[in-house]
Structure formats: C-alpha cells, structure tokens
Amino acid sequence: MSTLAATWDWLADPAHWSGEDGVWHRLLQHLVLTVVCLVVSCLIALPVALVLGHIGKGGALAVNISNVGRAVPTFAVLVLLLLTPVGKWGEGPTVVALVLFAVPPLLTNAYVGMREVDRGVVQAAKGMGMTGRQVLVRAEVPLALPMILNGVRIAAVQLVATATIAALAGGGGLGRIITAGFNLASTPQVVAGALLVAVFALLVEAVFEVVERLAPTWARAGR
C-alpha cells in the first residue's frame, strides 16, 4: 500500500477523530492556541504601529527591532524559554515564542499602511476641525485597513503553521498527531498530521482573503 493510500485510510478511520487524542480535539487546541497568540500579538503590535504611523516618527526603528524576531528561529526561542522560569507556566513558553514570531508582520504592515495614507486626505480631515484622535480613527485607520488586515492574515497563517511546535513543549494542537506518528514510526500518521495543518492554514488564508475583499467597503462606510 502506498503512503498516500495509507494516509487516506488513517484519516478515514473514525477512531482517529474522537477522544482526547483525536483530530477534532487537537484541531480545537490548535485553533485556540492560534487565536490566543494572534490576539495577544495584535494587542502588542497594532497600537504601536498605528500611533507611530500617525505621528510619523520612530516607526522605522520599531519595525527594524521587531524584524529581529524573524532572524531568530521560533524553535530556538521556545527551547530557551523552557530553560527559564517561564517554562513552568504550561503553554506560556509556546505563547511567548509564537507572539514574538507574529509581531513583525503585524507591526510592519500596519505601519506601512498608515504611512501610505494620502496626506491630502489627512490634511483635509484636519482642515475640517478633526482632532488628532479623530483623524486617526475616522480617516487614517479606515484607509489603512486593507494593509492592516494583510498583516493579520500573514500572522494568522504563520501561526497556524508554526503552532505545531507546541507539541515539542508538551502542549496540544495538531503537532501532537505528527509527534505521535514519529514516536510510533507511522509515516501515514505523520503525513496525515502535516496535511491537516496545511488544510487548516489554507482555510484560514481563504477566510482572511474574503475579509480583505470586504475591507474597502467597511472603510468607505467608516468614512
């Protein structure tokens, strides 16, 4: 039997989809971990990017500092965190490592989107008597929304793909299916786990693609 056929048989077995070690439970764990890390990353990166993009100062430095996270492997960060007191916080090391990984695309895209807003529109908003906060919320953010969402999409897809490292720290998620396959020397299970992660990432990509297509409409409504 070929590997693909064996993988299909593994996925078609109802026993592999139920229980604490089943696909549905692992998928839910993967989704929760991804959402938590994405929300935390957005809360950290977006306010900084929006403010710096609005005032037009310090953004390049912040972007360059955040991009350092791209040069450091997420797995290496996770291993180092496991050796610190943070390693005692359960999923803490995984969340911290993934947040550091997700911040750069969020910060970069949001800042670039803010700086690419037509300065004429900003000046017109100020000429109408808007305060700095009103200009930010009612003019700049709606116009920068497509770029902001693009950063969120990139971060979300990267998190889905990278959250498999949680299994290496004893966490949950689809990565547990892959590591269990390695432990059992089961190539079909390893391939099935990788395929599930890939499909999940493609679904997330599709959802954000739809959201990005609707973003211009929301922006016009906001203005």
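These numbers come from a predicted model, not from an experiment. (Residues numbered from 1 in each chain as written. Predicted model: local features only at pLDDT ≥ 70, side-chain atom pairs only at ≥ 80, totals over all residues. Heavy atoms only, no water.)

Draft legend 1. Molecular detail of the overall build of the protein chain. Counting its secondary structure elements, the protein chain contains 9 helices and 0 strands. Beginning at the N terminus, the succession of helices and strands in the protein chain can be written as α-α-α-α-α-α-α-α-α. By sequence separation, contacts in the protein chain at least 24 residues apart represent 74% of the contacts at least 6 residues apart. Element-wise, carbon and sulfur atoms account for 70% of the exposed surface of the protein chain, whose accessible area totals about 11,700 Å². Charge-centre separation for the protein chain: the mean point of 14 positive side chains lies 16 Å from the mean point of 11 negative side chains. (Helix = DSSP H or I, 4+ residues; strand = E, 2+ residues; numbered from the N terminus. Contact = heavy atoms within 4.5 Å. Areas by Shrake-Rupley, 256 points an atom, 1.4 Å probe, with all protein chains shown as cover. Lys, Arg positive; Asp, Glu negative; His and termini not counted. Charge placed at Lys NZ, Arg CZ, Asp CG, Glu CD.)

Draft legend 2. How the structure looks around a nonpolar patch on the surface. Together, Leu28, Leu31, Val32, Val35, Val36, Val39, Val40, Leu43 and Ile44 give the surface a local cluster of nonpolar side chains, amounting to about 730 Å² of exposed area. Within the fold, Val35 resides in helix H2 (residues 23–55). (Patch = residues over 30% accessible without salt bridge, like charges linked within 9 Å, V, L, I, M, F, W, Y side chains within 5 Å. Salt bridge = Lys/Arg side-chain N within 4 Å of Asp/Glu carboxyl O.)

Draft legend 3. Quick look at the pattern of salt bridges. Considering all chains together, one arrives at 3 salt bridges under this definition. Between Asp21 and Arg26 there is a salt bridge, with its nearest N and O atoms 2.6 Å apart. According to the relative accessible area criterion, Arg26 is buried, its value standing at 6%. Two residues, Arg119 and Glu140, come together in a salt bridge whose shortest N-O distance is 3.7 Å. Of this pair, Arg119 sits in helix H6 (residues 119–127) while Glu140 is found in helix H7 (residues 132–162), placing the two residues 21 residues apart along the sequence. (Buried < 20%, exposed > 50% of the residue type's maximum accessible area, 1.4 Å probe, protein only.)

Draft legend 4. Structural view of the side chain of Asn109. Structurally, the position occupied by Asn109 is in helix H5 (residues 92–115). Taking relative accessible area as the criterion, Asn109 reaches 10% and is therefore assigned buried. Looking at Asn109, its side chain comes within polar contact range of the side chain of Asn150, at 3.1 Å. Not counting chain neighbours up to four residues away, the residues in contact with Asn109 comprise Met147, Asn150, Gly151 and Ile154. (Polar contact = N/O pair within 3.5 Å; in protein donor to acceptor, adjacent residues only side chain to side chain.)

Draft legend 5. Expanded view of helix H4 (residues 74–82). Every buried residue belonging to H4 is among Thr74, Val77, Leu78 and Leu81, and all of these are buried. For H4, the angular spread of buried residues about the axis comes to 100 degrees, placing them on one side. For H4, the secondary structure elements touched by its buried residues are H5 and H7. (Arc of directions from axis to C-beta.)

Draft legend 6. Structural view of the packing of H2 against H5. Remark: H2 packs on H5, axes separated minimally by 7 Å, with the N-to-C direction vectors making an angle of 35 degrees. Here H2 runs over H5; the crossing is right-handed. For the contact of H2 with H5, a count of residues per class yields 21 nonpolar, 4 polar and 1 charged. (Axes fitted to C-alpha atoms, helices over the stretch in contact; angles between N-to-C directions. Left-handed = near helix turned anticlockwise from the far one by under 90°. Nonpolar A, V, L, I, M, F, W, Y, C, P; charged D, E, K, R; others polar.)

Draft legend 7. Quick peek at the environment of Asp13. Its place among the elements puts Asp13 in the loop between helix H1 (3–12) and H2. The exposure class of Asp13 is partly exposed, given its relative accessible area of 29%. Separated by 104 residues in the primary sequence, Asp13 and Val117 have C-alpha atoms spaced 52 Å apart.

Draft legend 8. Region of interest: H5. Counted at 1.5 Å a residue, the expected span for H5 with its 24 residues is 34 Å, and the 34 Å between its end C-alpha atoms agrees. Approximately 30 degrees is the largest bend angle found in H5, and it occurs at Ala102, with the proline Pro104 only one to four residues beyond. Across the 24 residues of H5, 20 count as buried, placing the element largely inside the fold. (Expected span 1.5 Å × (residues − 1). Bend = angle between axes of the 7 residues up to and from the residue.)

Draft legend 9. Broad picture of the nonpolar core. Of all hydrophobic cores here, the largest spans 57 residues; its most connected members are Leu33, Cys37, Leu38, Leu98 and Val204. Apart from the residues lying within four places of it in its own chain, the contact partners of Val204 are Ala156, Val157 and Val160. (Core = buried A, V, L, I, M, F, W, Y, C linked by side-chain atoms within 4.5 Å.)

Draft legend 10. Quick look at unusual backbone geometry. Located in the positive-phi region is Ala185, a residue other than glycine, with phi close to 55 degrees. Following the sequence through the fold, Ala185 ends up in the loop between helix H8 (175–183) and helix H9 (187–222).

Draft legend 11. Spatial organisation of the confidence of the model for the protein chain. Mean pLDDT for the protein chain: 85, with 92% of residues reaching 70 or above. Of all helices and strands in the protein chain, the one with the weakest mean pLDDT is helix H3 (residues 59–71) (72), whereas H2 scores best (93). (pLDDT = per-residue confidence, 0-100.)

Draft legend 12. Looking closely at the state of the cysteines. Enumeration over the complete set of coordinates arrives at 0 disulfides. Free of any disulfide, Cys42 has its nearest cysteine sulfur in Cys37, 11 Å distant. Taking relative accessible area as the criterion, Cys42 reaches 16% and is therefore assigned buried. (Disulfide = S-S within 2.5 Å.)

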